[in-house]
Amino acid sequence: AHDNLPSIHIGNLPKDSFYDLDLFKHFSLKNYAIKTAKVVLDKKTSKGLGHGYLVFFKQEEADRCLKEMNNSLISGHAIILSMKSQVKNFNEKANVIVKNIDKLVT
């Protein structure tokens, strides 16, 4: 594992035909020094689950990417970046969808 290297979690990735190499190329072509890129796939269908990780060689590079690329577009998807440590205890099966909330609710 790359526990000692800075890592960024990426949410809202395209789910169809988008894999590790696509993610790696997207950020490499924008001049980020990335060690690895990983798109999380469904074990049964091998389709993307809409999130992944980037591992960087240096913290400064991860910080720059986080600052510059958060909410940028990949195939029309506004991606959500966060330092991996911030989502360590995230359980992807524990999502809750809440609909029809009154617009006055904050």
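For the structure, check the block above.
About the thresholds
- Residues numbered from 1 in each chain as written.
- Predicted model: local features only at pLDDT ≥ 70, side-chain atom pairs only at ≥ 80, totals over all residues.
- Heavy atoms only, no water.
- Helix = DSSP H or I, 4+ residues; strand = E, 2+ residues; numbered from the N terminus.
- Polar contact = N/O pair within 3.5 Å; in protein donor to acceptor, adjacent residues only side chain to side chain.
- Contact = heavy atoms within 4.5 Å.
- Core = buried A, V, L, I, M, F, W, Y, C linked by side-chain atoms within 4.5 Å.
- Buried < 20%, exposed > 50% of the residue type's maximum accessible area, 1.4 Å probe, protein only.
- Salt bridge = Lys/Arg side-chain N within 4 Å of Asp/Glu carboxyl O.

A. Geometry of the side chain of S72. Looking at the secondary structure, you find S72 in the loop between α2 (59-69) and β4 (73-74). There is a polar contact of 2.6 Å between the side chain of S72 and the backbone oxygen of M69. When neighbours within four sequence positions are excluded, S72 is seen to be in contact with H77, A78 and I79.

B. A look at the nonpolar core. Counting 19 residues, the largest nonpolar core has I10, L23, F27, L54 and C65 as its most contacted members. For this core, the elements supplying multiple residues, two or more each, are β1 (7-11), α1 (20-28), β2 (34-41), β3 (48-56), α2 and β6 (80-83). Setting aside anything within four residues of it in sequence, one finds C65 in contact with I8, F27, Y32, L54, F56, N70 and L81.

C. Focus on the pattern of salt bridges. Scanning all chains against the criterion turns up four salt bridges. Between D20 and K38 there is a salt bridge, with its nearest N and O atoms 3.7 Å apart. With D20 in helix α1 and K38 in strand β2, this pair connects stretches of sequence that are 18 residues apart. According to the relative accessible area criterion, D20 is partly exposed, its value standing at 27%. Here K38 falls in the partly exposed class, since its relative accessible area comes to 44%. Between R64 and E68 there is a salt bridge, with the nearest N and O atoms lying 3.1 Å from each other. With a gap of four residues between them, R64 and E68 both fall in helix α2, about one helical turn apart. Looking at R64, the relative accessible area reads 29%, which means it is partly exposed. E68 gets classed as partly exposed once you look at its relative accessible area, which sits at 45%. It is possible to trace a salt-bridge network through shared partners that takes in E61, R64 and E68.

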